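The residues making up each chain are set out below.
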Amino acid sequence: QVHTLSSVSGGSLVATGYAVSLKKGESFDDFYDNIWEFIPELNTLEELLSNLRRYPPPVASGSRTFIAAWAEIFRSKFFGRYYGDPSFGIFWEEQPEIHLKELIFNATEFKTGIAFRFQKSQFKSLIGNAKVWLDEKYAKSIKMSDIMAASSCLPGAMEPMMFPQDFHWPGDVWGRRGKSKRPYCREVEAHLEETFGITSVPLMDGGIYDNQGIASIILTEARGYRGRTGSDPDANFDEQAGLEPVRPYKWAQWLLQAMEQASDSNRKDLGEIDLFIVSDTPVRHDTLYEAQPVAGAGGKGLGGWLRRQRLGTIHMWGWIMTIVLGLGVVESIRHFSVEFNETHQAHSMFDLQSVLFWLHKGASLLAPAVIVGLAVYALIAIWIAGHRMAESLVETMPPMRRSLWYYAKNIRFGQLLDMAILRATSMSALTARIFMNRIRQLGYAMLYSHEEFGKRMMINNINDIRSLSEGRGGDLPDFVRSPSEQMVFVVERAAKMKTKLWIDKPDHDRHDLEILIAAGHISTCFNVIEYLWTSHRDDDGRLEEPVRELFEFARADWVRLNEDPYWMVDRRKASGRKPGVLFWTSRATRRRGLLSGVR
């Protein structure tokens, strides 16, 4: 009965895979088995590095970037392996008809900094955003692996994915001498240039802009309301009504209007949507930023000595080394010139002795001279770059009695290093934790600020049962208030699991995927119980008739999960295809297994 699906970041692997599996006529069990087989086998780091060095490059643009290699992994290892490498156009096919009527795979474009939505709707909608959008003709040809890669392009870990250059297109071929032919890509570039005056759009992780894909859901419902109430659901006015402003205050006004349309408060319903489930995996941290140890000018050995040196001293020794090395280069050239003249006078330039001389002297004199010359050049280039940087800083600072270098030269190298480390680690915490928490808060605030959305909202975080120890269970049924130690242990492990691109080597009896799926079962079951109990009871405290059966199902699952948190995982393992072999299994072990099989 799922009607609308909006995905962001890593969730887009599950969303794109599930949606494609439905269009391929597969069941949820088939899709589950595909994921269960694919992820454990995937040694992501090795595959990335392998794709970076392969010939031809992973994409016909010739780009050898992590994001291009990332997209190729999912094209060849997942979508190509299980679904025949489908394109976005699969969702325009009439058969088979699927229950997902609205699909949104979210990315962020770095031209204007707003969402870029790969979406298929029942109604007129833009694929892209207000500033850059695609004609359906071109959108249908985009590979699902590229959509998934763009939506999960992690900032810092990967480079922006350039559209359309880093995407796979029909007709991409490699010609002679490593030159590619990309007629369809060139056509898309021409379309972008003619329509928007640009030839490429940098795309990254959708979570940068909308971490849970909530805004996309609101816009989808607003679009549905306009389509259902308009005289012509396919009218062009609806396509333009969803244009997203860039200016922050205009965006806020626009979103409020969209929420009013989506909720349609006069009718007190949300069209075809009865319940919104927002699933998220916020990593639990005891503290968002831990104070970093500051060594200052202390320490022993060579490292301690270097940390104690002042920048003025390092600057002086740098110039001394540059002068000494420069003199060495001059002396090497002079010495080579002298021996060249002596050899030229004593022998012919082309006899065997002269040839051997040139080979020997070229290796012993000229090669070191070139290396030293490059080192001198690098030192001078660094000094020039530092000098220009200082000049640019001075232009932005108020006038001082003394030069900037007068104050900077007394700073010790260890102090400078500590300043850099503290800034880097605090900026990392700011962007990856504090900002992301704030984005989540604002997303939830959008929903709960409107009554018609708030009462249909179920937040499904992977670590929610931990809040029972913080007093959250006061208004919950008795059977759910005291989860077992086994259950809490599973959720704790999942909640502390860092964002990564592979499954770690198991340190207990279960590997990462089993832990995450089990924690998902536990959290979803808990949140369904809480939502029904708090939102669907009558004035006498009794559950409303339509939800009683679902509540009893959830209660039965909770009781079994409380006894064995992995019972659903193990049931699927027993009834489905054989799970993929965890890539941490050593090659030697695999080889022994193959040999024993041969015997």
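None of the values given here were measured: they were computed from a predicted structure.

Asks: Give me the lowdown on the overall build of the chain, citing residues and values where you can.
Replies: A tally of regular secondary structure across the chain gives 21 helices and 11 strands. For the chain, buried positions account for 42% of its 599 residues. Long-range contacts, defined here as pairs at least 24 residues apart, represent 73% of the contacts in the chain between residues at least 6 apart. Working note: accessible area of the chain is about 32600 Å², and carbon and sulfur atoms make up 58% of it.

Asks: Quick one: what's the story with the nonpolar core, residue by residue and with numbers?
Replies: Grouped together as the largest cluster of nonpolar side chains are 60 residues, with contacts concentrated most on F88, F91, F105, F118 and F163. Beyond its immediate chain neighbours, meaning those up to four positions away, F163 contacts L134, I142, W169, V188, L192, T199, S200, V201 and L203. Counting residues in each nonpolar core, the second largest holds 38 residues, with W36, M458, M487 and C525 among its members.

Asks: Can you tell me about the packing of helix 2 (residues 28-41) against helix 4 (residues 66-83), naming the residues and giving the values?
Replies: Axis angle and axis distance: for two packed helices, these are the angle between their axes and the distance between the axes, and together they describe the pair. With their axes 11 Å apart at the nearest point, helix 2 and helix 4 run at an angle of 150° to one another. With respect to their mutual orientation, helix 2 and helix 4 come out roughly antiparallel. Crossing hand, helix 2 versus helix 4: right-handed. On helix 4, the residues touching F31, N34, I35, E37, F38 and E41 of helix 2 are F74, K77, F78, R81, Y82 and Y83. Looking at side-chain class alone, the contact of helix 2 with helix 4 contains 7 nonpolar, 1 polar and 4 charged residues.

Asks: Please set out the layout of surface pockets residue by residue, giving values where relevant.
Replies: Regions of empty space are outlined by a rolling probe, equal in size to a water molecule, passed over the atoms. Volume-wise, the second largest pocket comes out at about 900 Å³. Every residue lining the second largest pocket is counted, 23 residues in all, and those nearest its centre are H315, W383, G386, H387 and W405. When residues of the lining of the second largest pocket are traced back to their parent elements, those giving at least two are helix 12 (311-346), helix 13 (352-396), helix 14 (404-408) and helix 15 (413-448). Taken together, the residues of the lining of the second largest pocket sort by class into 17 nonpolar, 5 polar and 1 charged.

Asks: Can you lay out the pairing of strand 1 (residues 4-8) for me, pointing to particular residues and giving the numbers?
Replies: When you tally the buried positions in strand 1, you get 5 out of 5 residues, the bulk of the element. Side chains T4, S6 and V8 of strand 1 all project onto a buried face; the interleaved residues L5 and S7 project onto the opposite face, where all are buried too. Bridge count for strand 1 against strand 2 (residues 102-109) is 5 bridges, and the pairing is parallel. Within strand 2, the residue paired with L5 across the bridge is L103.

Asks: Give me helix 19 (residues 545-563): which residues, what numbers.
Replies: Given a rise of 1.5 Å per residue, 19 residues ought to cover 27 Å, and the 29 Å separating the end C-alpha atoms of helix 19 matches this to within 8%. Among the residues of helix 19, those classed as buried are V547, F551, A554, W558, L561 and N562. The arc enclosing the buried residues of helix 19, seen along the axis, measures out at 90°, which places them on a common side. Those residues of helix 19 that are exposed and angled more than 90 degrees off the buried face are E545, E549, F553 and E563. Against helix 17 (485-495), helix 18 (512-535) and helix 20 (567-575) lie the buried residues of helix 19.

Asks: Let's hear about the packing of aromatic side chains: which residues, and what values?
Replies: According to the stated counting rule, one finds 28 aromatic pairs in the structure shown. When the ring of F116 is compared with that of F163, the centres are 6.4 Å apart and the planes differ by 45°; the resulting orientation is tilted. Of this pair, F116 sits in strand 3 (residues 115-120) while F163 sits in strand 6 (residues 161-163), and the two are 47 residues apart along the sequence. The same class applies to F116 and to F163, which are both buried.

Asks: Quick rundown of unusual backbone geometry? Include the residues and the values.
Replies: With the exception of glycine, most residues fall at negative phi, and the peptide bonds are largely trans. Look at the link from Q95 to P96: it is a cis peptide, with omega at -5°. Along the chain, P96 turns up in the loop between helix 4 and strand 2. With an omega of 5°, the peptide bond running from F163 to P164 counts as cis.

Asks: If you had to explain the pattern of salt bridges to someone new, which residues and values would you point to?
Replies: The final tally for this structure, using the stated rule, is 23 salt bridges. With a closest N to O distance of 2.8 Å, R510 and D570 form a salt bridge. Of this pair, R510 sits in the loop between helix 17 and helix 18 while D570 sits in helix 20, placing them 60 residues apart in sequence. Among the residues examined, D570 registers a relative accessible area of 27% and is labelled partly exposed.

The rules behind these values
- Residues numbered from 1 in each chain as written.
- Predicted model: local features only at pLDDT ≥ 70, side-chain atom pairs only at ≥ 80, totals over all residues.
- Heavy atoms only, no water.
- Helix = DSSP H or I, 4+ residues; strand = E, 2+ residues; numbered from the N terminus.
- Buried < 20%, exposed > 50% of the residue type's maximum accessible area, 1.4 Å probe, protein only.
- Contact = heavy atoms within 4.5 Å.
- Areas by Shrake-Rupley, 256 points an atom, 1.4 Å probe, with all protein chains shown as cover.
- Core = buried A, V, L, I, M, F, W, Y, C linked by side-chain atoms within 4.5 Å.
- Axes fitted to C-alpha atoms, helices over the stretch in contact; angles between N-to-C directions.
- Parallel < 35°, antiparallel > 145°, perpendicular 65-115°, else oblique.
- Left-handed = near helix turned anticlockwise from the far one by under 90°.
- Nonpolar A, V, L, I, M, F, W, Y, C, P; charged D, E, K, R; others polar.
- 1 Å grid on protein atoms, 1.4 Å probe; cavity = no way out; pocket = protein on both sides within 12 Å on 5 of 7 lines; lining within 4 Å.
- Points joined across faces, edges and corners; volume = space filled by probe spheres on them.
- Pairing = 2+ DSSP bridges.
- Expected span 1.5 Å × (residues − 1).
- Arc of directions from axis to C-beta.
- Phe/Tyr/Trp six-rings, centres within 6.5 Å; stacked < 30°, edge-to-face > 60°.
- Salt bridge = Lys/Arg side-chain N within 4 Å of Asp/Glu carboxyl O.

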